[in-house]
Number of protein chains: 2
Amino acid sequence: MAFEIERKFLVASDEWRAAAIGSSRLRDGLIARFGSGKVRVRLDGERGLLTVKGPRAGLRRAEYEYEIPALEAEEMLGILADGPIVEKTRFQVPHAGMIWEVDVHEGILAGLVLAEVELEDEDQELLLPKWLGREVTGDPAYRKADLVKEALASASAGRS
Amino acid sequence: MAFEIERKFLVASDEWRAAAIGSSRLRDGLIARFGSGKVRVRLDGERGLLTVKGPRAGLRRAEYEYEIPALEAEEMLGILADGPIVEKTRFQVPHAGMIWEVDVHEGILAGLVLAEVELEDEDQELLLPKWLGREVTGDPAYRKADLVKEALASASAGRS
């Protein structure tokens with residue numbers, strides 16, 4: 001079975017930038033939520049991706065990801081995405097044998113920086129880089145869809 | 001853009017059976033609904049399919065369908081499908097230059113037989129076979145998810 005096992009952290013300082021070895025621009029759209037799962041379409045440079053993520057159980061969730069034509073991903077972002085597109089630059093940052101991904105958000109979530117790492121199994125030992133902040137794995141306050149909803153609400157409150 | 005343009009009918013008699021040229025067994029699971037769109041996983045014999053269907057506008061809806069490993073389709077049917085799996089045999093029935101698909105449902109929707117045909121464009125003229133019943137294109141009473149919900153409700157009422 002295809003699983004994603006992931007830990008997610010806030011970022012306390014900019015020190016990771018010096019260690020970054022690459023980056024890509026991502027545009028993510030939520031197609032649908034179901035229970036605590038979701039269907040997401042992503043444009044990663046020239047690659048389109050359609051991903052079904054199951055409900056989270058601890059650090060682990062079922063994940064099925066398929067490469068699709070970039071043009072179709074672009075269309076789905078335009079006509080099917082529920083809510084605004086999340087735009088971010090994802091940096092690859094090696095540390096102690098692992099590749100950390102640091103997501104610097106733009107647009108609706110500008111200011112949000114999150115670091116995540118994919119593990120082979122849940123008990124894997126992990127040396128945490130010192131630029132990490134608090135762990136937010138599984139924290140409902142850091143579910144992307146809820147962050148977007150909150151950002152939209154405060155943007156509209158700011159206008160009134 | 002990828003579109004599905006489809007008309008759907010009830011079936012009034014069994015006369016189509018003599019004209020059927022092939023059939024396949026389908027198992028469909030709904031992963032998620034969004035607005036009037038849906039994400040569906042299908043097992044069609046040895047083929048897995050992941051399909052995103054947009055909201056319907058008349059006869060037309062955006063449709064994005066991707067072949068996926070059958071094993072992953074099977075897993076998604078088992079762990080992610082929302083509600084019961086819809087099982088049916090789909091018969092191909094040629095008529096007047098078109099291939100009609102006649103779906104004979106089993107399990108939760110046993111007794112339901114629907115015929116559909118895919119069109120090239122919305123205004124395409126269509127010679128209707130005489131075994132067709134009433135057209136139900138876009139009829140909310142024949143949305144698969146609602147039919148399943150209703151079947152479940154009457155099954156549980158029957159038990160009490």
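Please read all numbers here as calculations on a predicted model, not as lab measurements.

1. Some thoughts on the pattern of salt bridges
Residues and elements named next belong to chain B.
Argument step 1. Counting across every chain of the model gives 41 salt bridges over all chains.
Argument step 2. Measuring nitrogen to oxygen at the nearest pair gives 3.2 Å for the salt bridge that ties E65 to R40. With a gap of 25 residues between them, E65 in strand β5 (residues 60-68) and R40 in strand β3 (residues 37-44) connect regions that are remote in the sequence.
Argument step 3. With relative accessibility at 8%, the residue R40 sits in the buried group.

2. So, the environment of B:R42
All names here are of chain B.
Argument step 1. Within the secondary structure layout, R42 lies in strand β3.
Argument step 2. A relative accessible area of 7% means that R42 is categorised as buried.
Argument step 3. Taking the C-alpha atoms as reference, R42 lies 21 Å from G138; in sequence the two are 96 residues apart.
Argument step 4. Setting aside its immediate chain neighbours within four residues, R42 contacts L26, R27, D28, R47, G48, L49, A73, K88 and R90.
Argument step 5. A polar contact is formed between the side chain of R42 and the side chain of D28, at a distance of 2.7 Å.

3. Remarks on the interface of chain A and chain B
Argument step 1. Facing 21 residues of chain A, the contacting portion of chain B comprises 21 residues.
Argument step 2. Carbon and sulfur atoms make up 79% of the surface buried where chain A meets chain B, a total of about 1,800 Å² over both sides.
Argument step 3. On the chain A side of the interface with chain B, the three residues burying the most area are A:Y64, A:Y66 and A:L80, jointly 30% of the side's total.
Argument step 4. Connecting chain A to chain B are zero salt bridges.
Argument step 5. In this assembly, chain A and chain B are joined by four residue pairs in polar contact (both at pLDDT 80 or more).
Argument step 6. Listed by contribution, the elements that provide at least two residues to the side of chain A that touches chain B are β2 (22-34), β4 (47-57), β5 (60-68) and α1 (70-79) of chain A.

4. Here we look at the UniProt feature "domain: CYTH" (unreviewed entry) in chain A
Argument step 1. As recorded in UniProt, the feature "domain: CYTH" (unreviewed entry) lies at residues 2-154 of chain A.
Argument step 2. Taken as a whole, residues 2-154 of chain A contains 14% helix and 51% strand, while its terminal C-alpha atoms sit 37 Å from one another.

5. Remarks on the side chain of B:R40
Argument step 1. Engagement of the side chain of B:R40 in a polar contact is seen with the side chain of B:E65, the distance being 3.2 Å.
Argument step 2. Among residues more than four places away in sequence, those in contact with B:R40 are B:D28, B:G29, B:I31, B:L49, B:L50, B:T51, B:K53 and B:E65.

6. A closer look at the relation of the copies chain A and chain B
Between the two copies of the chain lies a rotation about an axis combined with a shift along it.
Argument step 1. Aligned on chain B, chain A shows an RMSD of 0.0 Å; the corresponding rotation is 180° and the shift along the axis is 0.0 Å. Expressed as an axis order, the relation between the two copies is that of a two-fold axis. Among all residues of chain A, the one whose C-alpha sits closest to the rotation axis is A:A32, at a distance of 3.1 Å.
Argument step 2. Most of the interface of chain A is mirrored in chain B: 100% of its interface residues are interface residues there too.

7. Remarks on helix α1 (residues 70-79) of chain B
Argument step 1. Within the span of α1(B), buried status applies to B:A73, B:E75, B:M76 and B:L77.
Argument step 2. Looking at the packing, one finds that the buried side of α1(B) touches β4 and β5 of chain A together with β2 (22-34), β3, β4 (47-57) and β5 of chain B.

8. What about the pairing of β4(B)?
Residues and elements named next belong to chain B.
Argument step 1. Relative to β4, β3 is paired through seven bridges, and the arrangement is antiparallel. Across the sheet, the residue bridging to R42 is L49, located in β4.
Argument step 2. Between β3 and β4, which pair antiparallel one after the other, the connecting turn spans two residues, and G45 there sits at a positive phi close to 60°.
Argument step 3. The pairing of β4 with β5 spans eight bridges and is antiparallel. Opposite A57, over in β5, you have R60 as the bridge partner.
Argument step 4. Linkage of β4 to β5, two consecutive antiparallel strands, is achieved through a turn of two residues, within which G58 is found at a positive phi near 65°.

9. Remarks on the nonpolar core
Argument step 1. Among the nonpolar cores identified, the biggest contains 34 residues, and A:I31, A:V52, A:M76, B:I31, B:V52 and B:M76 are the most heavily contacted of them.
Argument step 2. Non-local contacts of B:I31, meaning those with residues more than four positions away in its chain, are made with A:F34, A:V39, A:V52, B:V39, B:R40, B:V41, B:M76, B:L80, B:A81 and B:D82.

10. Remarks on the environment of B:E135
Residue and element names in this part refer to chain B.
Argument step 1. Mapping E135 onto the fold places it in strand β9 (residues 132-135).
Argument step 2. A relative accessible area of 30% means that E135 is categorised as partly exposed.
Argument step 3. Not counting residues within four places of it along the chain, the set of residues in contact with E135 comprises R7, K8 and F9.
Argument step 4. Here the side chain of E135 touches R7 through a polar contact of 2.7 Å, side chain to side chain.
Argument step 5. One polar contact links E135 to T137, side chain to side chain, over a distance of 2.6 Å.

11. So, the packing of aromatic side chains
Residue and element names in this part refer to chain A.
Argument step 1. Taken as a whole and judged by the stated rule, the model has six aromatic pairs over all chains.
Argument step 2. Site record: aromatic cluster; members linked through ring pairs are F9, W100 and W131.
Argument step 3. Positioned above the aromatic ring of F3, the side-chain terminus of R60 is 4.6 Å from the ring centre.

12. Details of unusual backbone geometry
Argument step 1. The backbone phi angle of A:A96 is positive, close to 50°, even though this residue is not glycine.
Argument step 2. The residue A:A96 is located in the loop between β6 (86-95) and β7 (98-105) in this model.

How each quantity is defined
Residues numbered from 1 in each chain as written. Chains lettered and ligands numbered in written order. Predicted model: local features only at pLDDT ≥ 70, side-chain atom pairs only at ≥ 80, totals over all residues. Heavy atoms only, no water. Salt bridge = Lys/Arg side-chain N within 4 Å of Asp/Glu carboxyl O. Helix = DSSP H or I, 4+ residues; strand = E, 2+ residues; numbered from the N terminus. Buried < 20%, exposed > 50% of the residue type's maximum accessible area, 1.4 Å probe, protein only. Contact = heavy atoms within 4.5 Å. Polar contact = N/O pair within 3.5 Å; in protein donor to acceptor, adjacent residues only side chain to side chain. Buried area = accessible area lost by both parts, 1.4 Å probe. UniProt positions renumbered as here; feature names shortened; annotations may be inferred. Least-squares fit on C-alpha atoms with pLDDT ≥ 70 in both. Pairing = 2+ DSSP bridges. Core = buried A, V, L, I, M, F, W, Y, C linked by side-chain atoms within 4.5 Å. Phe/Tyr/Trp six-rings, centres within 6.5 Å; stacked < 30°, edge-to-face > 60°. Lys NZ or Arg CZ within 6 Å of the ring centre and 35° of its normal.

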